[in-house]
Amino acid sequence: MDTMSAIASLSNAYENPNVFKATQPVENDQNGFQKVFQSALDMLNETSDLQNKAESAEIQFALGLSNNTHDLQVAQQKANIALQYTIAVRDKAIDAYKEIMNMSL
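Residues numbered from 1 in each chain as written. Predicted model: local features only at pLDDT ≥ 70, side-chain atom pairs only at ≥ 80, totals over all residues. Heavy atoms only, no water.

J.: Would you mind showing me how to read the overall build of the protein here?
T.: The helix and strand tally for the protein stands at 3 helices and 0 strands. From first element to last, N terminus to C terminus, the protein shows the α and β order α-α-α. Across the 105 residues in the protein, those meeting the buried criterion constitute 10%. Entry remark: accessible area of the protein is about 9200 Å², with carbon and sulfur atoms responsible for 58%. (Helix = DSSP H or I, 4+ residues; strand = E, 2+ residues; numbered from the N terminus. Buried < 20%, exposed > 50% of the residue type's maximum accessible area, 1.4 Å probe, protein only. Areas by Shrake-Rupley, 256 points an atom, 1.4 Å probe, with all protein chains shown as cover.)

J.: I would appreciate a short explanation of the side chain of Thr47 in the present structure.
T.: Mapped onto the elements, Thr47 comes out in helix α2 (residues 27-63). Overall, Thr47 belongs to the buried group, its relative accessible area being 7%.

J.: Sorry if this is basic, but what is going on with the pattern of salt bridges here?
T.: Side chains that differ in sign of charge can pair as their charged atoms come close. If you walk through the whole model with that rule in mind, you get 1 salt bridge. Residue Asp91 pairs with Arg90 through a salt bridge whose shortest N-O separation is 2.7 Å. Judged by its relative accessible area of 32%, Asp91 is partly exposed. On the basis of relative accessibility, which here comes to 46%, the residue Arg90 falls in the partly exposed class. (Salt bridge = Lys/Arg side-chain N within 4 Å of Asp/Glu carboxyl O.)

J.: Looking at this model, I keep getting lost on the nonpolar core. Mind explaining?
T.: In a soluble, globular protein the nonpolar side chains are often hidden away together inside. Judged by nonpolar contacts, Leu50, Ala54, Ala57, Leu72, Ala75, Ala79 and Ala82 together constitute the single largest core of 7 residues. It is helix α3 (residues 69-101) that provides the largest number of residues to this core, a total of 4 residues. Apart from the residues within four sequence positions on either side, Leu50 is in contact with Lys78, Ala79 and Ala82. (Core = buried A, V, L, I, M, F, W, Y, C linked by side-chain atoms within 4.5 Å. Contact = heavy atoms within 4.5 Å.)

J.: Could you clarify how one ought to interpret the environment of Ala40 in this entry?
T.: Looking at the element boundaries, Ala40 is found in helix α2. Judged by relative accessible area, which is 30%, Ala40 ranks as partly exposed. Between the C-alpha atom of Ala40 and that of Arg90, which follows or precedes it by 50 residues, the distance is 9.1 Å.

J.: Any chance you could explain the layout of surface pockets here in plain terms?
T.: Space left empty within the atom packing is revealed by a probe, the size of a water molecule, rolled over the atoms. When its volume is computed, the largest pocket comes out at roughly 390 Å³. If you trace the largest pocket, you find 14 residues lining it, with Val36, Ala40, Met43, Val89 and Ala93 closest to the centre. Residue assignment for the lining of the largest pocket shows that the elements contributing at least two residues are α2 and α3. Here the lining of the largest pocket takes 8 residues from α2, the largest share from any one element. (1 Å grid on protein atoms, 1.4 Å probe; cavity = no way out; pocket = protein on both sides within 12 Å on 5 of 7 lines; lining within 4 Å. Points joined across faces, edges and corners; volume = space filled by probe spheres on them.)

J.: Help me understand a nonpolar patch on the surface in this model?
T.: Judged by side-chain polarity, Phe33, Phe37, Leu41 and Leu44 come together as a nonpolar surface patch covering roughly 400 Å² of accessible area. Its place among the elements puts Leu41 in helix α2. (Patch = residues over 30% accessible without salt bridge, like charges linked within 9 Å, V, L, I, M, F, W, Y side chains within 5 Å.)

Right, here's the structure in full:
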């Protein structure tokens, strides 16, 4: 989906407020939360794997087993971006939790 069609679909959803109403029964919310939680765990595992690969590349470079600085930089950058993304998702989840806790019934 290109950017213009994504913007158009968001615009259509904004114009029709019924789009945001839940149409599924509450029982499916447990399944939805499970999918989100599993996705978060997968993201953490992937970030950990990228951090381990970057550390391995650093060790190989330091020991002289590898002299390719390009591969080292790529591994470090991938690990850094994954960590930044994970932290951003964590911060948003904490903000959402705080907002939910501050709601009054």
